Amino acid sequence: MKQKIYYLIALCFAVSTVTYAQNIEPETITYLLRNTQEFTVFNRLVEACGLQSELSKIRDEEYEKAYLTGLIKDLARHPTEEIGTLPEHRYYGYTIFAEPDAVWEAALGKSAAAITVADVKSYLVSKGLYPQGSQDDNYTDENNIVNLFTTYHILPERLAPANLVIHYNELGYYYRTQGNPFTIPVEEFYTTLGQRRLLKIYESKESYGVYLNRFPVLRNGRGPFMDTSDASNNDYHESGEFLPTSGNALTQDENQGILVYQRDVNPIILQALNGVIYPISQLLAYTENVRTQFSLQRLRFDAASLLPEMMNNDLRRPMGNYSSGSSTTRGFPASQEFQYFENLDIAVGTRFYYLSGYSRGWTNHQGDEFNVVGDYEFTLKLPPVPADGTYELRLGVSAGSSVRSIAQFSLGTDKEHLVATELPIDLRVGGLTKRIKTGSVKSNIGWEEDTKDEVHNRFVDLCLHEQGFMKGPQYFTGSYSTTSVRTLEYNLRRVVWRGTVEAGKTYYLHVKNCMSREDLQFYMDYIEWCPKNVYANPTTPEDIW
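Quick caveat: nothing in here was measured; it's all calculated off a predicted structure.

Peer 1: Explain the confidence of the model for the chain here, please?
Peer 2: The predicted structure's coordinates, where accompanied by low pLDDT, should not be read in detail. Summing up the model confidence of the chain, the mean pLDDT is 93 and the portion of residues at 70 or higher is 96%. Across residues 1-21, where pLDDT falls below 50, the model places six contacts with residues more than four positions away in sequence or in other chains.

Peer 1: Would you explain helix α4 (residues 61-68) in this entry?
Peer 2: Of the positions making up α4, those classed as buried are Y63, E64 and A66. Here α4 starts with a cap whose side-chain oxygen sits 3.0 Å from the backbone nitrogen of E62, and that cap is D60. Of the residues trailing α4, G70 is marked for its positive phi of about 80°.

Peer 1: What should I look at first to understand the environment of E448 in this one?
Peer 2: Assignment of secondary structure puts E448 in the loop between β24 (439-442) and α10 (454-466). E448 sits 13 residues away from D461 along the chain, and the two C-alpha atoms are 9.1 Å apart. Setting aside residues no more than four positions away along its own chain, E448 makes contact with H456, V460 and K471.

Peer 1: Explain the pairing of strand β28 (residues 521-524) to me, please; I cannot follow it from the model alone.
Peer 2: On a regular strand, one side chain projects to one face of the sheet and the next to the other, so that they alternate. Here β28 shows no split at all, with Q521 and Y523 on one side and F522 and M524 on the other all buried. As paired elements, strand β17 (residues 369-374) and β28 share four bridges and run antiparallel to each other. Counterpart to F370 in the pairing with β28 is M524.

Peer 1: Whenever I open this one, the side chain of D60 confuses me. Can you help?
Peer 2: Position of D60 among the secondary structure elements: in the loop between α3 (40-48) and α4. Judged by its relative accessible area of 10%, D60 is buried. One polar contact links the side chain of D60 to the main-chain amide nitrogen of E62, over a distance of 3.0 Å. If near-sequence neighbours (up to four positions away) are discounted, D60 is found in contact with R90, Y92 and F338.

Basis of the calculations
Residues numbered from 1 in each chain as written. Predicted model: local features only at pLDDT ≥ 70, side-chain atom pairs only at ≥ 80, totals over all residues. Heavy atoms only, no water. pLDDT = per-residue confidence, 0-100. Contact = heavy atoms within 4.5 Å. Buried < 20%, exposed > 50% of the residue type's maximum accessible area, 1.4 Å probe, protein only. Helix = DSSP H or I, 4+ residues; strand = E, 2+ residues; numbered from the N terminus. Polar contact = N/O pair within 3.5 Å; in protein donor to acceptor, adjacent residues only side chain to side chain. Pairing = 2+ DSSP bridges.

Here's what the structure looks like:
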């Protein structure tokens with residue numbers, strides 16, 4: 001068997017050598033940019049910023065060796081699921097939202113052939129963009145104004161058209177219905193290449209397509225839609241209005257977003273070996289207005305969106321089974337054995353599983369979850385916040401199982417010296433019941449079903465929040481259900497930490513098992529960064545969605 005394995009490695013090396021000798025260049029992102037006539041200006045920016053090497057990466061060959069030689073092995077069967085089949089590869093991937101040359105020609109009034117990187121820099125300066133950036137000619141510096149502009153167009157994960165937003169179990173939508181009958185907005189927040197900033201990818205029934213950084217006024221039962229005697233005032237659909245711009249913006253209608261493509265139009269999309277290039281119809285920038293809009297909303301992240309490798313290797317699969325290995329379960333090695341995730345350190349003794357949840361009816365955000373067992377301990381790099389301020393960090397939990405655990409959380413900017421948030425959190429506690437291995441006990445935290453009295457419902461929410469609990473969002477359901485998880489006493493959010501966060505810093509969350517039983521689980525579905533101007537707004541309470 002070993003002889004066969006070494007033969008495979010030698011064969012891979014031989015193929016690689018032959019490819020290089022014949023000078024056959026793979027069609028990577030950099031290859032397509034360089035050889036596509038529509039993106040000559042954007043390609044100049046990429047080259048000036050020195051991003052060619054990064055955008056040419058295809059596969060982690062060290063992982064290939066570790067996998068083929070058996071240095072890393074499948075995880076044992078999950079206590080309630082399947083064997084934790086290891087990913088077969090560790091591919092790199094990228095998504096680029098690029099302005100075609102025609103957009104640059106309209107903006108600068110010059111032919112694409114005549115537009116230089118210096119011209120682009122002058123344009124950015126004239127528009128007041130990235131005032132914190134340096135304006136010298138060292139474009140490879142992440143703090144350079146041209147680098148800030150260019151890298152904001154690039155995500156370090158491959159997002160195919162079907163995965164730009166994932167429609168699965170948002171309220172009113174059923175993933176098996178034909179014809180894309182979209183309902184309430186689905187928005188995904190991703191962290192860009194270079195300096196870490198947020199980019200929103202969005203689609204709703206009313207948008208008729210996928211947009212970047214779209215900020216509509218939603219009928220969320222708050223603000224102008226507080227009167228819930230009209231049911232449509234609290235259905236979370238777009239109202240037809242958009243939030244007013246705040247601070248410097250590229251256009252007056254910037255909050256309508258930038259269209260990526262419409263569903264009923266075949267988009268022109270370039271598929272590279274290691275990524276996707278989407279042409280966009282107007283300039284994309286991380287303006288003061290965009291930052292402000294992000295800082296005025298609750299930011300919800302599906303846990304799988306925090307790990308680019310999940311998309312790059314077709315592991316995020318709420319919409320279907322795997323074609324090989326376990327049908328719905330994947331496992332990942334401890335980081336000491338191999339660092340599979342760039343944004344996640346997994347300690348030895350931790351069995352870290354991803355459960356796709358496909359066709360299971362689970363009341364999980366987008367159906368899937370990470371499920372961690374053993375003497376678990378791991379550290380997650382958190383997504384950035386858009387502005388300095390006070391935020392809550394929340395964790396979506398499901399206390400409907402009798403095999404949850406108690407976890408200690410720590411947080412900070414120094415990964416090696418994180419500070420415990422508070423006391424450990426008992427993740428077995430539901431709204432009415434605490435479920436343990438030997439049975440269940442009454443859990444009186446003040447959870448009540450919603451009534452027609454919105455004032456009373458708000459009072460219940462406030463009392464729960466004071467204790468660090470929140471009901472689950474009205475936003476999603478089980479995949480076979482039309483009932484919101486807000487109605488389920490075991491589907492909750494827990495406030496893990498509250499404090500001051502700086503936009504330019506990277507924060508880490510450390511999670512450690514506090515119980516001796518290795519069969520108990522840590523459930524990781526989604527997290528929220530919520531600014532104080534949302535959760536403690538004196539005039540407009542946070543919505544239930």
